[in-house]
Amino acid sequence: MIRTFAPGDLPEVLDVWRAGGRDPLPAAELDAVAAHAPELLLVADEPGAGVVGVVVGTTDARRGWIHRLAVLPAHRRRGLAGALVTELERRFTARGLTRVNLLVLPGDEDAQRFWARRGYASCPDVLRTRDLA
Ligand SMILES: CC(C)(COP(=O)(O)OP(=O)(O)OC[C@H]1O[C@@H](n2cnc3c(N)ncnc32)[C@H](O)[C@@H]1OP(=O)(O)O)[C@@H](O)C(=O)NCCC(=O)NCCS
């Protein structure tokens, strides 16, 4: 079942990110996302197993952004990431957004195949970033 994140899901969500080799989103950032657009923070909840997948959506008023998609290794290749992204795309569309972006590491083969299969084109843009504090 794909549903909106609830605060009690936090420990399981952190486990999903860690199991996927991802740094968990810092708690303050997660709180900020949940406060800004709570319906864009989604989990995959399997009966008997609990939270096995997560995705974070944000918007910059023009576009949707997808972050931190992950599914527990034992639950992969069953369409859960696809279901999370389909629901997130539906919620972006309901907000009137017509484009969605995301960043993925070049060497991340599973993720590259997943996004390519879903029709996400790669762009030549180079991300530049700088700490403000
Ligand atoms: C990438 C990830 C989220 C995919 O989760 P998933 O639940 O296995 O994905 P789905 O089952 O919805 O896959 C849908 C389709 O994507 C493609 N795909 C997904 N994982 C793939 C892999 N390892 N190799 C090849 N194709 C893959 C397939 O076409 C798949 O459909 P199929 O199983 O019918 O062939 C998961 O591997 C993961 O958590 N990886 C670690 C974290 C990560 O890389 N996150 C993405 C950050 S951008």
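Residues numbered from 1 in each chain as written. Predicted model: local features only at pLDDT ≥ 70, side-chain atom pairs only at ≥ 80, totals over all residues. Heavy atoms only, no water.

Counting buried positions over the six residues of strand β2 (residues 41–46) gives six, a clear majority of the element. The side-chain alternation of β2 yields two buried faces, one formed by Leu41, Val43 and Asp45 and the other by Leu42, Ala44 and Glu46. For strand β1 (residues 2–4) and β2, the ladder comprises three bridges, and the chain directions are antiparallel. Opposite Thr4, over in β2, you have Leu42 as the bridge partner. With six bridges joining them, β2 and strand β3 (residues 50–59) adopt antiparallel strand pairing. By the bridge assignment for β3, Glu46 is matched with Gly50. Following β2, the chain reverses through three residues before pairing antiparallel with β3; Gly48 in that reversal takes a positive phi of roughly 90°. (Buried < 20%, exposed > 50% of the residue type's maximum accessible area, 1.4 Å probe, protein only. Helix = DSSP H or I, 4+ residues; strand = E, 2+ residues; numbered from the N terminus. Pairing = 2+ DSSP bridges.)

Right, let's get into the UniProt feature "domain: N-acetyltransferase" (unreviewed entry) in the protein. Annotation from UniProt places "domain: N-acetyltransferase" (unreviewed entry) at residues 1–133. With 33% helix and 23% strand, residues 1–133 has end C-alpha atoms that lie 39 Å from one another. (UniProt positions renumbered as here; feature names shortened; annotations may be inferred.)

On to the pattern of salt bridges, then. Per the stated rule, a full pass over the model turns up nine salt bridges. Across the salt bridge formed by Asp45 and Arg3, the nearest N and O atoms sit 3.0 Å from each other. Of the two residues, Asp45 sits in strand β2 while Arg3 sits in strand β1, which places them 42 residues apart along the sequence. In this structure, the salt-bridge partner of Glu87 is Arg90, at a minimum N-O distance of 2.8 Å. Placement of the pair is Glu87 and Arg90 together in helix α3 (residues 80–94), with a separation of three residues, close to one helical turn. (Salt bridge = Lys/Arg side-chain N within 4 Å of Asp/Glu carboxyl O.)

Looking now at the site of the ligand. Surrounding the ligand, one finds 20 residues, the nearest of these being Leu69, Arg77, Gly79, Gly82 and Arg117. Measuring from an oxygen atom of the ligand, one finds a backbone N or O atom of Gly82 at 2.8 Å. The cavity where the ligand resides is the largest pocket. Those elements giving two or more residues to the shell around the ligand turn out to be β4 (64–71), α3 and α4 (109–117). A breakdown of the residues in the shell around the ligand according to their chemical character gives nine nonpolar, three polar and eight charged. (Near = heavy atom within 4 Å. Polar contact = N/O pair within 3.5 Å; in protein donor to acceptor, adjacent residues only side chain to side chain. 1 Å grid on protein atoms, 1.4 Å probe; cavity = no way out; pocket = protein on both sides within 12 Å on 5 of 7 lines; lining within 4 Å. Sits in = over half its atoms within 2 Å of the grid points. Nonpolar A, V, L, I, M, F, W, Y, C, P; charged D, E, K, R; others polar.)

Before going further, it helps to examine the sheet that holds β3. Here five strands make up an open sheet; going across it, the order is β1-β2-β3-β4-β5 and the pairing mixed. Of all strands in the sheet, those with a lone pairing partner are β1 and β5 (100–102), marking the two edges. Shown here is a sheet whose adjacent strand axes are inclined to one another by a mean of 30°, direction ignored. (Axes fitted to C-alpha atoms, helices over the stretch in contact; angles between N-to-C directions.)

Let's shift gears to the packing of aromatic side chains. For the coordinates displayed, the defined rule picks out two aromatic pairs. With 4.9 Å between their ring centres and 80° between their planes, Phe114 and Trp115 make a pair best called edge-to-face. By relative accessible area, Phe114 is classed as partly exposed at 21%. Look at Trp115 and Tyr120: their rings are 4.9 Å apart centre to centre, the planes differ by 65°, and that puts the pair in the edge-to-face class. (Phe/Tyr/Trp six-rings, centres within 6.5 Å; stacked < 30°, edge-to-face > 60°.)

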